[in-house]
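Structural description and commentary
What follows is the residue order along each chain.
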Amino acid sequence: MYKIILPIRYLLKRRITYFAVIAVALCVFIVLVVLTVMAGLVNEFKQKNHRFAGDCVVGTKSLVGFAYYEDFVEMLQREDFIEGVSPVIKCPALISRRDSEKKKQIEIMGIDPAMHSRATGFAETLHYHKSDAPNAFRPAYDPNLPGCILGIDLELQRDAQSQYSYDASPAPVGFSISCLPLTAKGALAQAGTDVIDTKTFYYSDNAHTGLPKVDGSVVYLPFEQAQQLCMAGAEKRANEIHIRFRPDVTLEQGCSKVEAVWQSFRQQRAGADLAYLLDNVTVQSWKGYRRESIAPMEQEQTVMSVMFGFVAITTVFVVQVVFYMIISHKTKDIGILRSLGVSDFDVLELFCGFALLVGALGSGIGLLAGWAFLVKINRIEDLLFERFGFQLWDRTIYAIGEIPNRVELNVVVAIFLSAIAACLVGALVPSWKAAKQRPVETLQVNLL
Amino acid sequence: MESMSKDNSILTAEGIHKSYRMGATQVKVLKGVDLAVKRGEFVAIVGASGSGKSTLLHILGALDKPNKGVVTFEKRDLSGFSNGELNRFRNKTVGFVFQFYHLLDELTVLENVYLPAMTGKSVLGWLACRGWAKNRARELLSQLGLAERAKHKPYQLSGGERQRAAIGRALMNEPELLLADEPTGNLDSATGNGILEVLEKLNRAGQTVVMVTHDERIAQRAGRIVTLADGKIEHRHTR
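Further remarks concern the overall build of chain B. If you tally the helices and strands in chain B, you get seven helices and 10 strands. Over its C-alpha atoms chain B spans a radius of gyration of 18 Å, differing by no more than 12% from the 18 Å that the globule rule assigns to 239 residues. Structurally, chain B occupies a C-alpha span of about 45 × 40 × 40 Å along its principal axes. Taken over 239 residues, chain B has a buried fraction of 49%. Here the contacts in chain B between residues at least 6 apart in sequence split such that 71% fall between residues at least 24 apart.

In structure tokens:
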């Protein structure tokens, strides 16, 4: 019982202990806030990539694309694990307003908006046609004109609050889009003549994926028209097929099944004229497909975790110093306890219990403060911006809406346990030394 | 000879040697001490400062170990005790009273007194006996004239009161042997006299007491005086 009473009394009576509690609380506070915000940003970014790509992508990086995609789409649609399939045309192009000579490099994505909305979260990214995705390429001002959907940053700009200013309906603006159609062999179509194919499309909507690179460079066109612009030759081709699995299918299961279907399809088409175009086609989960974008964020998160690992080491050191100081003041108590028959292991337990108390109290305070700060973090940032013009992330540059502040229970538990473990590690050496002291030495009596 | 009365002894020490390293030199403190203490005896060990009397007391109470020699308690050799047995010996069989009281500042006087009962028990064991322990501690404080001081902290007490509280703590588990190391060394004459009266009273009630002091006048209050000089028992005197 004294192993419970004495640590509580030490905690309440020794002011130096408050420093250990404050040190632990501060470290826990910082780690909770940073991990929550970083994990929130990474998760949000992953979700946006997932929404953009669907669950799985079958495709090639070759601009030529691959043939027989329609048959493969049909095969996939017959599978019971598939929710939606969307073939996509992708190729680089130039865009200019019809009233301007200024050209900008873009990437065309040719899609069927209805199919693409079933396979990905495309419909959610639209502004004017969010609930009417199949008609997304029909401009409100003249539904008979060929429409195009612009990545939002191509047409609009964010304000400091990360908000876009939309008109009530899309402005009647025409865009000239030019690209170089390629044959199945990769040669320029109509070589020796004017090979640049240019068509005019009319602004019908914006797509806001939240992925800066996509929102700043992608223009969505109707699938067939994009195919005509980018692909020359009699055989129809596509660059990618985006797939969504049914909710009860895991990513790994779904991708494995798609891979199996693809291999079966390849065998069926082994002798076809354009079978060689199937050689470079890969089946990837959305994570693999968007790895180039996600990996740096994950790397950043890892670096941050390592850096805050050093913070934890600092906590251990601070606790160790404080415990050395506390125990050096408590050597007499150790001697008294030993003279009363307390074993060295009991002394170790006593001070480890003390460390446990410091860790639990410090991390409790830190977690509570961190949670309260995270609940108000966006309000605090707004206030700082309104009063002092300070913003954690410049919203005109970074595609961040609100600062993520959802505290995950598993993170809280992990931080709590780590803080207690850090305190125990910090207290272990001084406690061990205290336990090993000879009673006659700790009583500080004249040995002679 | 000390060995003549060994058969009636509760505690014996034979050929005790103890040395310490101080820097490069080895200081021999005890050079073959023989001592026997009978049950119910009040023995004073007298010696000049540095004669090794406190060291001898710590060895008798199993707080320290001799380099050579044997200490037996009720004919059991302490060197054969396991660590657990030594801890139980210090908790149940011996009560220590130190010159500087050595009370725990964070505990009240009452808590300090029942601390030995608490340290000897598990949490459940303590919960089962805490009523008895608190009553016993209050009774001891009452006998020692500290009933009104039970809830005070040690720093709120005078030196004499602290030493009486320390005696109460030493007696908590009804030890067979009370070891007092200069119990009046930090007190004025009148207060020290009060402490000696407490020890005498305890001894009259049957408590075996071994007291270390450098003061011959204080030693006169004991039933037997043993003088320690040059690391050996030099002179014995019975009152």
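Read on for the rest.
The next point concerns the overall build of chain A. Looking only at helices and strands, chain A features 16 helices and 11 strands. In terms of C-alpha radius of gyration, chain A reaches 32 Å, well past the compact-globule figure of 22 Å for 448 residues. With respect to the three principal axes, the spread of C-alpha positions in chain A is 110 × 55 × 40 Å. Considering only intrachain contacts with a sequence separation of at least 6, the fraction spanning at least 24 residues in chain A is 83%.

A word on the packing of helix 1 (residues 2–13) of chain A against helix 13 (residues 344–375) of chain A. Residues and elements named next belong to chain A. Helix 13 packs onto helix 1 with a crossing angle of 50° between their chain directions and a minimal axis gap of 9 Å. Relative to helix 13, the element helix 1 lies oblique. Crossing geometry of helix 1 relative to helix 13 is assigned as right-handed. Here helix 1 contributes Lys 3, Leu 6, Pro 7, Ile 8, Tyr 10 and Leu 11 to the contact with helix 13, which in turn contributes Asp 346, Glu 349, Leu 350, Gly 353, Phe 354, Leu 357 and Val 358. Taken together, the residues that form the contact of helix 1 with helix 13 break down as nine nonpolar, one polar and three charged.

The partner chain B presents 28 residues to the 22 residues of chain A that form the contact. Where the side of chain A that touches chain B is concerned, the elements lending two or more residues are helix 1, helix 12 (331–339) and helix 16 (439–442) of chain A. Taken together, the residues that form the side of chain A that touches chain B break down as 14 nonpolar, four polar and four charged.

We now examine helix 2 (residues 15–53) of chain A. End to end, helix 2 of chain A covers 57 Å across 39 residues, agreeing with the expected 57 Å (1.5 Å per residue, within 8%). Directly beyond the C-terminal end of helix 2 of chain A, a positive phi value near 80° is found at Gly 54 of chain A.

Axis angle and axis distance: for two packed helices, these are the angle between their axes and the distance between the axes, and together they describe the pair. Residues and elements named next belong to chain A. At their nearest, the axes of helix 2 and helix 11 (residues 291–329) sit 10 Å apart, and the two run at 170° to each other. The angle between helix 2 and helix 11 places the two elements in the roughly antiparallel class. Of the residues that constitute the contact of helix 2 with helix 11, the class distribution is 23 nonpolar, five polar and two charged.

This part covers the domain arrangement of chain A. Note on interface size: it is often stated as the accessible area lost on association of the parts. We note that the domain assignment places domain 1 (2–46 + 294–442) and domain 2 (61–280) within chain A. Between domain 1 of chain A and domain 2 of chain A, the C-alpha centre-to-centre distance is 50 Å.

This brings us to the sheet that holds strand 2 (residues 25–38) of chain B. Residues and elements named next belong to chain B. A sheet is described by the order of its strands in space; here four strands give the open sequence 2-1-4-5, paired in antiparallel fashion. Each edge of the open sheet carries a strand with a single partner, namely strand 2 and strand 5 (76–77). Bridge count between strand 1 (residues 9–22) and strand 4 (residues 68–73): five bridges; the pairing is antiparallel. Bridged to Leu 11 within strand 4 is Phe 73. In this fold helix 1 (residues 53–60) packs onto strand 1, strand 2 and strand 4, with an angle of close to 125° to the strand it touches most, strand 1.

Moving on, we come to the pairing of strand 1 of chain B. Direction of pairing for strand 1 of chain B relative to strand 2 of chain B: antiparallel, over a ladder of 11 bridges. The residue bridging Ile 16 of chain B from the neighbouring strand is Val 33 of chain B, located in strand 2 of chain B.

Let us look at helix 3 (residues 109–119) of chain B. Counting buried positions over the 11 residues of helix 3 of chain B gives 11, a clear majority of the element. Buried within helix 3 of chain B we find Val 109, Leu 110, Glu 111, Asn 112, Val 113, Tyr 114, Leu 115, Pro 116, Ala 117, Met 118 and Thr 119 of chain B. Structurally, helix 3 of chain B contributes buried residues whose contacts are with helix 1 and helix 12 of chain A together with helix 2 (83–93), helix 4 (123–143) and helix 5 (159–171) of chain B.

The subject of this paragraph is unusual backbone geometry. Trans peptide bonds make up the majority, and among non-glycine residues the majority have a negative phi. Positive phi outside glycine occurs at Tyr 68 of chain A, with the angle close to 60°. Looking at the element boundaries, Tyr 68 of chain A is found in the loop between strand 2 (66–67) and helix 3 (69–78). Despite not being glycine, His 102 of chain B has its phi angle at roughly 55°, a positive value. In this structure, His 102 of chain B sits in the loop between strand 6 (94–97) and helix 3. Here His 102 of chain B falls in the buried class, since 23 other C-beta atoms lie within 10 Å of it.

Moving on, we come to the nonpolar core. Core analysis: the biggest nonpolar cluster contains 113 residues, and Val 24, Val 28 and Val 319 of chain A together with Ile 45 and Val 210 of chain B have the highest contact counts within it. Those residues within four positions of Val 28 of chain A in sequence are excluded, and the remaining contacts are Gly 362, Ser 363, Gly 366, Leu 367, Gly 370, Ile 415 and Ala 419 of chain A. Counting residues in each nonpolar core, the second largest holds 66 residues, with Ala 53, Ile 95, Ile 106 and Val 283 of chain A among its members.

A separate point is the environment of Val 85 of chain A. Residues and elements named next belong to chain A. Structurally, Val 85 can be placed in strand 3 (residues 82–97). Sequence separation between Val 85 and Arg 158 is 73 residues; the distance between their C-alpha atoms is 33 Å. Beyond its immediate stretch of four places on either side in the chain, Val 85 contacts Val 73, Leu 76, Gln 77, Met 115, Ala 119, Ile 241 and Ile 243.

Residues and elements named next belong to chain A. Within the secondary structure, Ile 106 is located in strand 4 (residues 104–111). For Ile 106, a count of 21 C-beta atoms within 10 Å gives the class buried. Sequence spacing of Ile 106 and Ile 177 is 71 residues, and the spatial spacing of their C-alpha atoms is 9.1 Å.

Residues and elements named next belong to chain B. Tracing the chain through its elements places Arg 130 in helix 4. On the neighbour-count criterion, Arg 130 (15 C-beta atoms within 10 Å) is partly exposed. Between the C-alpha atoms of Arg 130 and Met 118, which are 12 residues apart in sequence, the distance is 7.9 Å.

For the rest of this paragraph, the subject is the confidence of the model for chain B. Chain-level pLDDT for chain B is 87 on average; 95% of the residues reach the 70-or-more range. pLDDT under 50 marks residues 1–5 of chain B. Its contacts with residues more than four places away, or in other chains, come to six contacts.

Parameters and conventions
Residues numbered from 1 in each chain as written. Chains lettered and ligands numbered in written order. Predicted model: local features only at pLDDT ≥ 70, side-chain atom pairs only at ≥ 80, totals over all residues. Helix = DSSP H or I, 4+ residues; strand = E, 2+ residues; numbered from the N terminus. Rg over C-alpha atoms; globule rule 2.2 N^0.38 Å. Buried ≥ 20, exposed ≤ 12 C-beta atoms within 10 Å, placed from the backbone. Contact = placed C-beta atoms within 7 Å. Axes fitted to C-alpha atoms, helices over the stretch in contact; angles between N-to-C directions. Parallel < 35°, antiparallel > 145°, perpendicular 65-115°, else oblique. Left-handed = near helix turned anticlockwise from the far one by under 90°. Nonpolar A, V, L, I, M, F, W, Y, C, P; charged D, E, K, R; others polar. Expected span 1.5 Å × (residues − 1). Domains from an automatic or database assignment. Pairing = 2+ DSSP bridges. Core = buried A, V, L, I, M, F, W, Y, C linked by C-beta atoms within 7 Å. pLDDT = per-residue confidence, 0-100.

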